[in-house]
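Understanding the architecture of this molecule
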Amino acid sequence: PNAVAPRAAPTSVIQATPTKLPKRPGSMPPFALFSQETRHKLQAEDPDIGFGELGRKLGEMWHALKEEQKEDYRRRAREVADAKMKSWKETVSAIPKHKQLQLEQNQPRRRAMKIKKKKTSGYAIFCSEQRRKYTNEQPELQFSDISKKVAEDWRLSSEAFKKEYEEKAQRYNIEEEKRWRQRIYMQQQHQMKMQA
């Protein structure tokens, strides 16, 4: 007669428990930050600009930036990535450890992807240098006119001249590859510390 009814599990706790771990944020590429800030300006100047043309212009503008300007974007992109990582860590740390392990085991294993890094060409370096020159010498020129002039200058250049730029690009790519490998190594070390 005085049997105690079994207690029901609190529904709020069941509903609040996540079904999968939040995705770990990656690094923020500096070019992505530059694109976010510049895209609207280009679209305002030319509302009919196509997606491909917009991407090409953004790439050219990025290559035309001075190194200190790029460094500012790199610094700010790191700050954005750090803020996202901090938020992710806070979210994950709120999940009980046993639940984290359970969710990790339920997640499908992803095969390691080979990341291919895009290489800079001699033409890209030439464009960057020439665009800066035309912008300084003829500031009234539109971006599209400068692009046409630069493309024509390259087309009329000798093979020996183009080869010099390709060699310059090769040296640049070797240095970038070293920096990229160093960043990958640092990220791997960081992930190992996080998992330890």
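Residues numbered from 1 in each chain as written. Predicted model: local features only at pLDDT ≥ 70, side-chain atom pairs only at ≥ 80, totals over all residues. Heavy atoms only, no water.

1. Concerning the overall build of the protein
Tallying secondary structure elements over the protein gives eight helices and zero strands in all. Considering the protein as a whole, with its 196 residues, one finds that 26% of them fall into the buried category. Residue pairs at least 24 apart in sequence account for 70% of intrachain contacts in the protein once pairs closer than 6 positions are excluded. Surface summary for the protein: the accessible area is close to 15500 Å², and the carbon and sulfur share equals 54%. (Helix = DSSP H or I, 4+ residues; strand = E, 2+ residues; numbered from the N terminus. Buried < 20%, exposed > 50% of the residue type's maximum accessible area, 1.4 Å probe, protein only. Contact = heavy atoms within 4.5 Å. Areas by Shrake-Rupley, 256 points an atom, 1.4 Å probe, with all protein chains shown as cover.)

2. Some thoughts on the pattern of salt bridges
Inspection of the entire model under this criterion finds 17 salt bridges. Arginine 78 is paired through a salt bridge with glutamate 71; the nearest N and O atoms lie 3.8 Å apart. The salt bridge involving arginine 75 is made with aspartate 72; its shortest N-O contact spans 2.6 Å. A residue pair is termed a helical-turn pair when its members lie 3 or 4 positions apart in one helix, as arginine 75 and aspartate 72 do in helix α4 (residues 67-93) at three residues. The class of arginine 75 is partly exposed, set by a relative accessible area of 36%. Three or more residues are tied together by salt bridges with common partners; here these are Glu37, Asp72, Arg75, Arg76 and Glu79. (Salt bridge = Lys/Arg side-chain N within 4 Å of Asp/Glu carboxyl O.)

3. A short note on the packing of aromatic side chains
If you walk through the whole model with that rule in mind, you get 11 aromatic pairs. Here the aromatic residues Tyr123, Phe126, Trp154, Phe161 and Tyr165 are joined through ring pairs into a cluster of three or more. Of note, arginine 76 hangs over the ring of tyrosine 73, and the distance from its end group to the ring centre comes to 4.8 Å. Positioned above the aromatic ring of tyrosine 134 is the side chain of lysine 133, whose terminal nitrogen or guanidinium carbon lies 5.4 Å from the ring centre. (Phe/Tyr/Trp six-rings, centres within 6.5 Å; stacked < 30°, edge-to-face > 60°. Lys NZ or Arg CZ within 6 Å of the ring centre and 35° of its normal.)

4. Some details on the nonpolar core
Among the nonpolar cores identified, the biggest contains 13 residues, and Phe34 and Tyr73 are the most heavily contacted of them. For this core, the secondary structure elements donating two or more residues are α2 (30-45), α3 (51-64) and α4. Among residues more than four places away in sequence, those in contact with phenylalanine 34 are Leu58, Met61, Trp62, Leu65 and Tyr73. (Core = buried A, V, L, I, M, F, W, Y, C linked by side-chain atoms within 4.5 Å.)

5. Focus: the packing of α3 against helix α6 (residues 122-137)
In contact at an axis separation of 8 Å, α3 and α6 are set at 75 degrees when each is read in the N-to-C sense. When the axes of α3 and α6 are compared, the pair comes out roughly perpendicular. Contacts between α3 and α6 pair Glu60, His63 and Ala64 from the former with Ala124, Ser128, Arg131 and Arg132 from the latter. Here the contact of α3 with α6 is composed, by residue class, of two nonpolar, two polar and three charged. (Axes fitted to C-alpha atoms, helices over the stretch in contact; angles between N-to-C directions. Parallel < 35°, antiparallel > 145°, perpendicular 65-115°, else oblique. Nonpolar A, V, L, I, M, F, W, Y, C, P; charged D, E, K, R; others polar.)

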